[in-house]
Amino acid sequence: MDAAPFTPAAHAPARHAPTPEPRTRLVRLLDRDGVRSEDPVFSPYVAEVGAEQLRDLYRSMALARRFDEEATNLQRQGQLVLWAPMRGQEAAQVGSARALRPADHIFPTYREHAVAIERGVDPAELLMVFRGHAAGGWKPSEHGMNVYSIVLGSQVPHAVGYAMGMNLDRRAAEEEGREVEPAATIAYFGDGTSTQGEVHEGMVFAASFDAPVVFFVQNNQWAISVPFSTQSRLPLAERAAGYGFEGIRVDGNDVLGVLAVSRYAMEQARAGRGPVLVEAETYRLGAHTTADDPTKYRRREDESHWAELDPLLRLETHLRRHHGTDDAFFDEVAAAAQEFADQTRAHVLSMAPPSFEEFFDKPYAERHALIEEERAWYAAYQAGFDDDGRDDGRSGGDGTAGPDRGTQASSLTVAADPVTGAPDERSAGTEEDLA
Ligand SMILES: Cc1ncc(C[n+]2csc(CCOP(=O)(O)OP(=O)(O)O)c2C)c(N)n1
């Protein structure tokens, strides 16, 4: 059956009663003109943050932005398969990541590039994933950060389960008279993802078991082409009340506000006072991914409005007006960001394709019988070709050799032509093999 033709009416937002005014106040410590204000609850959490730390926050945001730009360029030049830009979300990411301690554990989406860099993930290693290297990624235990999650919402139950595990560990330690460093998890997700069933289930569990988890939503206003107004009638922070825990709305383009709110939320969670939902109101300035064209669904005026609220501009204004920070600092940061981008680019371009054997080393932390069997089969298969790549009859390609006929079908993909992707007839199994 033919797909239904695209009609704007069919994709128009649902009609409903006017959206009620938010009841939850918006926390903001640095306004759009770069003026710092006091908040009785949250300012104490950033009381020690002066000029030096603010410059450091600026530097991290600027480096992350330049990195993001370079990754976008690399994708446009065909060096990456895809890229999910995070331009505009630097304050939400750097501010929240700076509130974390090494023992805390992060469960990200696919857009938390600044968080990953803050957490010490090698930027080139991060890009390896987007270059299509199946062996790419990092060790979650080394960075206190899971690998990226593309299945929307899947990371939320993971974060809640991990946090419940932290509770059990703490209880066991207490019974044994041992001290355990208080820690919590943080689950990042977007406004669109907040509509996934797993997120709801995760929140119910977290509330029921007082799991030390912070739900950190970057509301960047769009779920690909679906606007926030279609996804929720209320600010997401207000949903927390329905689960029975605290929800906080923060200006996600104000790095100081995000830092303060995140420190508060993590402190609550680590202290065993249960979960907290933080909604950082921000905007994705770029495309959803490099495969998307936001001019098809976004209005220019909205983009210009949010461009004026750029988190880097706001902090720059504050530093220039209130801390006497001059061009010399911003030039130096721009040069460092350029060097960072150049190094990342050079590293990506010099990446050798991974050896096929590497794939066998990645899936399990410890050796596993099935993987070892497949490794042996693959080694025997490879040994079946002569130096010119011709099948000398021992590869198992005719379905008669190889250690295990049961795994023969995999040769169809293993031996696909590396350029065209077409199955290589020399190694194609018989129909019997596939049955
Ligand atoms: C379970 C699932 N359904 C659908 C998709 C396709 N998809 C990828 S990103 C996206 C929108 C996500 O929007 P949001 O959660 O707001 O995050 P953002 O990309 O804006 O950061 C969708 C529908 C997916 N990856 N996983």
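See the structure shown above.
Within each chain, residue numbers correspond to sequence positions counted from 1 in written order. Side-chain atom pairs in this predicted model are given and counted only at pLDDT of 80 or more, local residue features only at pLDDT of at least 70, and totals for whole chains, interfaces and linings cover all residues. To obtain the side-chain values, all non-hydrogen atoms of the structure were included, while hydrogens and water were left out.

(A) Structural context of the site of the ligand. In the vicinity of the ligand there are 15 residues, among which Tyr110, Arg111, Ile150, Gly192 and Thr193 approach most closely. We define a polar contact as two N or O atoms separated by no more than 3.5 Å, with the added condition that, inside protein, one atom must be a possible hydrogen donor and the other a possible acceptor, whereas residues neighbouring each other in sequence contribute only through side-chain atom pairs. Asp191 places a polar main-chain atom, nitrogen or oxygen, 3.3 Å from an oxygen atom of the ligand. At 3.3 Å, a side-chain N or O of His288 approaches an oxygen atom of the ligand. In this description, accessible areas are obtained by the Shrake-Rupley approach with a 1.4 Å probe, and a residue is regarded as covered only by the protein chains that are shown. About the coverage of the ligand: the protein hides 71% of its 580 Å² of free accessible area. Under the scheme applied here, ten amino acids are nonpolar (Ala, Val, Leu, Ile, Met, Phe, Trp, Tyr, Cys and Pro), four are charged (Asp, Glu, Lys and Arg), and all others, including Gly, are polar. Per-class residue counts for the shell around the ligand are 7 nonpolar, 6 polar and 2 charged. Note on definitions. A residue lies near a molecule or strand when any single heavy atom of the residue is within 4 Å of it.

(B) Inspection of the pairing of strand 3 (residues 185-190) at higher detail. Accessibility here uses a 1.4 Å probe with only protein chains present; expressed as a share of the type maximum, an area under 20% marks a residue as buried, one over 50% as exposed, and anything in between as partly exposed. Secondary structure elements are taken from DSSP: a helix is a run of H or I of four residues or more, a strand is a run of E of two residues or more, and numbering for both begins at the N terminus. When you tally the buried positions in strand 3, you get 6 out of 6 residues, the bulk of the element. For two strands to count as paired, DSSP must find a minimum of two bridges between them. Pairing of strand 2 (residues 105-107) with strand 3, which is carried by 3 bridges, proceeds in the parallel orientation. Across the sheet, His105 pairs through a bridge with Thr185, a residue of strand 3. Sheet topology places strand 3 next to strand 4 (residues 213-219); 6 bridges connect them, and they run parallel.

(C) Geometry of unusual backbone geometry. Phi is positive for Asp210, which is not a glycine, with a value near 50 degrees. Note on placement: Asp210 falls in the loop between helix 7 (197-208) and strand 4. Residue Asp210 is classed as partly exposed on the basis of its relative accessible area, which comes to 42%.

(D) Spatial organisation of the side chain of Gln231. Its location among the elements puts Gln231 in helix 8 (residues 228-231). Taking relative accessible area as the criterion, Gln231 reaches 12% and is therefore assigned buried. A polar contact is formed between the side chain of Gln231 and the backbone nitrogen of Gly192, at a distance of 2.9 Å. Should any heavy atoms of two residues lie within 4.5 Å, those residues are counted as being in contact. Ignoring any residue separated from it by four or fewer positions in sequence, one finds Gln231 in contact with Asp191, Gly192, Thr195, Trp222, Ala223, Val226 and Arg239.

(E) Focus on the packing of helix 1 (residues 51-76) against helix 2 (residues 90-97). For helices, the fitted axis covers only the stretch in contact; all axes are lines through C-alpha atoms, and the angles between them, taken along N-to-C directions, range from 0 to 180 degrees. Helix 2 packs onto helix 1 with a crossing angle of 125 degrees between their chain directions and a minimal axis gap of 10 Å. Relative to helix 2, the element helix 1 is oriented oblique. Helix-helix and strand crossings are classified by hand; for helix 1 and helix 2 the assignment is right-handed. In this structure, helix 1 contributes Leu57, Ser60, Met61 and Arg65 to the contact, and helix 2 contributes Glu90, Ala91 and Val94. Classifying every residue of the contact of helix 1 with helix 2 gives 4 nonpolar, 1 polar and 2 charged. Orientation labels follow simple angle bins: below 35 degrees gives roughly parallel, above 145 gives roughly antiparallel, 65 to 115 gives roughly perpendicular, and whatever is left gives oblique. Less than a right angle of anticlockwise turn of the near helix away from the far helix marks a crossing as left-handed, whereas a clockwise turn marks it as right-handed.

(F) Summary view of the layout of surface pockets. Throughout, the protein atoms alone are placed on a 1 Å grid, and a set of points is a cavity if a 1.4 Å probe fits but cannot get out or a pocket if it is open with protein on both sides within 12 Å along at least five of seven lines; lining residues have an atom within 4 Å of a point. Grid points are joined across faces, edges and corners, and a volume is the space filled by probe spheres set on the points. In this structure, the largest pocket encloses a volume near 470 Å³. Lining the largest pocket we find 22 residues, and of these Gly136, Gly137, Trp138, Val147 and Lys362 sit closest to its centre. Contributions of two or more residues to the lining of the largest pocket are made by helix 4 (123-130) and helix 5 (140-143). Each residue belonging to the lining of the largest pocket can be placed in one class, and the counts come to 13 nonpolar, 4 polar and 5 charged. Of the residues that make up the lining of the largest pocket, three or more belong to each of domain 1 (26-350) and domain 2 (356-381). These domain boundaries are the output of an automatic or database domain assignment.

(G) Examining the pairing of strand 7 (residues 246-251) more closely. Taken together, the 2 bridges between strand 1 (residues 26-27) and strand 7 define a ladder with parallel strand orientation. Paired with Leu26 across the two strands is Arg249, which belongs to strand 7. In the sheet, strand 7 pairs with strand 8 (residues 276-281) via 6 bridges, with the strands oriented parallel. What sits directly across from Arg249, in strand 8, is Glu279.

(H) A look at the pattern of salt bridges. When a carboxyl oxygen of Asp or Glu is within 4 Å of a side-chain nitrogen of Lys or Arg, the pair counts as a salt bridge. Evaluation of the coordinates by the stated rule reveals 27 salt bridges. Here Arg98 makes a salt bridge to Asp56, at a shortest N to O gap of 3.2 Å. Note that Arg98 is positioned in the loop between helix 2 and strand 2 and Asp56 in helix 1, a separation of 42 residues in sequence. As a salt-bridge pair, Arg375 and Glu372 come within 3.2 Å of each other at their nearest N and O atoms. Of this pair, Arg375 and Glu372 both sit in helix 15 (residues 369-383), 3 residues apart, which is roughly one turn of that helix. Classification of Glu372 by relative accessible area gives partly exposed; the value is 23%. Put simply, Arg66, Glu69, Glu70, Arg87 and Arg345 are held in one network by salt bridges that share partners.

Taken by themselves, the reported measurements are silent on function.
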